[in-house]
Amino acid sequence: MSRTPVLRAAVVGTGHRAQLFTRGLAERPGHVVAALCDPSPTRMAFHNRLLAEAGAPAATAWEPDRFTGLLAEEGIDEVVVTTVDAEHDRYIVPALKAGCRVVTEKPMTVDAGRCARILDTVRATGNSLTVAFNYRFNPVHEKVRELLADGAIGEVLSVHFEWLLDVRHGADYFRRWHREKRHSGGLMVHKSSHHFDLVNWWLADEPREAFGYGRLGFYGREAGERHGLRRDYDRAHGAEPAADDPFALDLAADDTLRALYLDAERDDGYLRDRNVFDGPVTIEDDMSVLVRYARGATMTYHLTAYSPWEGYRVMFNGSGGRLELDVEESRWQPPLSRITSAAGAVHGDTAAEHAGGARLTLRPLWQPPQDVPLAVAHEAHGGGDPRMLDALFGPVGPARPADTGAASHPTATERDGALALVVGLAANRSFETGRPVRTDELIAG
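Everything numeric here is computed off the predicted structure, so don't read it as measured data.

Trainee: Teacher, can you tell me more about the environment of L70 here?
Mentor: Note that L70 resides in helix α3 (residues 67-73). Placed 210 residues apart in sequence, L70 and P280 show a C-alpha to C-alpha distance of 35 Å.

Trainee: Would you mind showing me how to read the packing of aromatic side chains here?
Mentor: Where two aromatic rings form a pair, the distance of their centres and the angle of their planes describe that pair. What the rule picks out here adds up to 17 aromatic pairs. Judged by centre distance (5.9 Å) and plane angle (50°), the ring pair of F161 and W163 falls under tilted. Accessibility classification places F161 together with W163 in one group, the buried group. On the basis of an interplanar angle of 20° and a centroid distance of 4.2 Å, the ring pair of F174 and Y219 is categorised as stacked. Placement of the pair is F174 in the loop between α7 (169-172) and α8 (181-184) and Y219 in the loop between β8 (207-215) and α11 (221-226), with a sequence separation of 45 residues. Given a relative accessible area of 0%, Y219 falls into the buried group. Three or more aromatic residues joined by ring pairs make a cluster, and in this case those are Y135, F161, W163, F196, W202, Y301, Y312 and F316. When the ring centre of Y261 is taken as origin, the NZ or CZ atom of R272, which lies over that ring, is 5.6 Å away.

Trainee: Got a minute to help me understand the confidence of the model for the protein in this structure?
Mentor: When pLDDT is averaged along the protein, the result is 93, and 91% of the positions lie at 70 or above. With pLDDT under 50 throughout, residues 400-408 is counted as low confidence; its partners more than four residues away or in other chains account for 7 contacts.

Trainee: Help me understand the packing of helix α5 (residues 112-125) against helix α16 (residues 414-433), please; the structure alone is not making it clear to me.
Mentor: Helix-helix packing: each pair is described by the crossing angle between the helix axes and the interaxial distance. Running from N to C, α5 and α16 point in directions that differ by 170°, and their axes come no closer than 11 Å. It follows that α5 is roughly antiparallel to α16 by the angle criterion. By crossing handedness, the relation of α5 to α16 is classed as left-handed. Facing α5, whose interface residues are A112, C115, L119 and V122, α16 presents E414, A418, L421 and L425. Grouping the amino acids of the contact of α5 with α16 by side-chain chemistry returns 7 nonpolar, no polar and 1 charged.

Trainee: Please explain the UniProt feature "domain: Gfo/Idh/MocA-like oxidoreductase N-terminal" (unreviewed entry) in the protein as it appears in this structure.
Mentor: Feature annotation in UniProt assigns "domain: Gfo/Idh/MocA-like oxidoreductase N-terminal" (unreviewed entry) to the following positions: residues 7-133. Annotated as 42% helix and 23% strand, the span residues 7-133 places its first and last C-alpha atoms 22 Å apart.

Trainee: Is there a simple way to think about the side chain of S192 in this case?
Mentor: Tracing the backbone through its elements, the reader meets S192 in helix α10 (residues 192-203). In this structure S192 comes out as buried when scored by relative accessible area, which is 0%. S192 has contacts with L187, Y301 and L303, leaving out every residue within four places of it along the chain.

Trainee: Quick question: what am I supposed to make of α10 here?
Mentor: In an α-helix there are 3.6 residues to a turn, and that puts residues three or four apart on one side. Its 12 residues place the ends of α10 17 Å apart at the C-alpha level, agreeing with the 16 Å of an ideal helix rising 1.5 Å per residue. The buried fraction of α10 is high, at 12 of 12 residues. Turning to α10, its buried residues are S192, S193, H194, H195, F196, D197, L198, V199, N200, W201, W202 and L203. Once α10 finishes, A204 follows within two positions and takes phi at roughly 50°, a positive value.

Trainee: Looking at this structure, how should I read the packing of helix α1 (residues 18-26) against helix α2 (residues 41-53)?
Mentor: At a minimum axis distance of 9 Å, the contact between α1 and α2 shows a crossing angle of 35°. Considering only the axes of α1 and α2, their crossing is right-handed. Contacts from A18, Q19, T22, R23 and A26 of α1 reach α2 at F46, H47, L50 and L51. Looking at the contact of α1 with α2 residue by residue, the class counts come to 5 nonpolar, 3 polar and 1 charged.

Trainee: What is the right way to look at the sheet that holds strand β5 (residues 101-105) in this model?
Mentor: Sheet strands associate in pairs through backbone hydrogen bonding, adopting either a parallel or an antiparallel arrangement. Strand order in the open sheet formed by 7 strands is β3-β2-β1-β4-β5-β6-β15, and the pairing between neighbours is mixed. Taken across any chain shown, the strands that pair with only one partner, and hence form the sheet edges, are β3 (60-62) and β15 (412-413). On the sheet, α1 packs against β1 (7-12), β2 (31-37), β4 (78-81), β5 and β6 (129-132) and is oriented at approximately 165° with respect to β1. Here α2 sits on the sheet and contacts β2 and β3; the angle it forms with β2, its principal contact strand, is near 165°.

Trainee: Can you help me understand the pairing of β2 in this one?
Mentor: Counting buried positions over the 7 residues of β2 gives 7, a clear majority of the element. In this sheet, β2 lies alongside β1 in parallel orientation, the contact comprising 6 bridges. Counterpart to V12 in the pairing with β2 is C37. Once you follow β1 into α1 and on to β2, the crossover reads as right-handed. The pairing of β2 with β3 spans 3 bridges and is parallel. The residue bridging A35 from the neighbouring strand is T60, located in β3. Each parallel crossover has a hand, and the one from β2 via α2 to β3 is right-handed.

How each quantity is defined
Residues numbered from 1 in each chain as written. Predicted model: local features only at pLDDT ≥ 70, side-chain atom pairs only at ≥ 80, totals over all residues. Heavy atoms only, no water. Helix = DSSP H or I, 4+ residues; strand = E, 2+ residues; numbered from the N terminus. Phe/Tyr/Trp six-rings, centres within 6.5 Å; stacked < 30°, edge-to-face > 60°. Buried < 20%, exposed > 50% of the residue type's maximum accessible area, 1.4 Å probe, protein only. Lys NZ or Arg CZ within 6 Å of the ring centre and 35° of its normal. pLDDT = per-residue confidence, 0-100. Contact = heavy atoms within 4.5 Å. Axes fitted to C-alpha atoms, helices over the stretch in contact; angles between N-to-C directions. Parallel < 35°, antiparallel > 145°, perpendicular 65-115°, else oblique. Left-handed = near helix turned anticlockwise from the far one by under 90°. Nonpolar A, V, L, I, M, F, W, Y, C, P; charged D, E, K, R; others polar. UniProt positions renumbered as here; feature names shortened; annotations may be inferred. Expected span 1.5 Å × (residues − 1). Pairing = 2+ DSSP bridges. Right-handed = clockwise from strand over helix to strand, strands pointing away.

See the structure below:
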């Protein structure tokens, strides 16, 4: 009897999000996490403990500067990239050249030059790159796509999309590396690439032009002082002014955060609990964008990173009616003194304490509105994470009938990654120039 070959994987970047892939690979037959790569031995040791808990063998630990050697010496078949966004291409390109299958967290990268380098490498090697857009795998989002593809509202002529990050989740982008645009591309690239990929996928269309305004109006030193919210500390750990600050993160109170970040500071000096009302902050927290698509549809989009509640509203106007989706992921946030965990609900891994519901309404012309039944999950990014892992790496055990949709789901390619990225890049340039920006000015079609 033939045995299923085992694919040897390397996980590059061993922070919080990487746990999903370390555990996911360890529990799936046919995959083994053979190597970990990160500047921090402490974080890699934490991930090896995850492997031990899953009954998997320990992975070897490698420094980033030795990544090419890692690929050759460890016989790596697949690479998962979960590093700081601006570092993605540093690992994607050599992995593709080495013949590996590559899965990268979103965004694919943070600027046009790095994007071109990745696309050129995919074309030259013919190897596979997948961008981990888990929102595609949320059953609610799949239902929206199904209705639009079936012509439920005819030709889609316009879209309005509003996404609200509450003061627990939104603030977290302003206390870590994401707050510097050179690392993350700003929220238009890091966070909104999820949303832009959804709209591209929902419409089966490509963005052609974007115009927008963005500002830092709530977070940062100047705004914090103007609104009377700023406390005088650089980072929360050990700072007395942070003791009763609801915007402060208590790394020491959470075992995972302590192990991944506080204990790892001696390795690389990275501070995970910066004051959201102090500098440097070079990203925006309030952004409005108008996007035009190839077939003529337009989208108005707004992202707010300091809302009292978290969720989103998206409305599609078509030649045959209107489709409306409303999702409340958190109805409100209580004013806790010192947030004790940035895991779980802050990042969508578990349902928020005050999670609301979801409603999808179809409004055909000349007919009463219809409520579309939904199966709503608030944990694991709306149920998208496990279904995405199944599509990427196969099911944990024998596939069940309910899992077949995820297994056959079209994952996002490097072109999808570029098309989501380019909307954010065009928006960022428009913020700077005050003019509309064509996407082909940034990334060739």
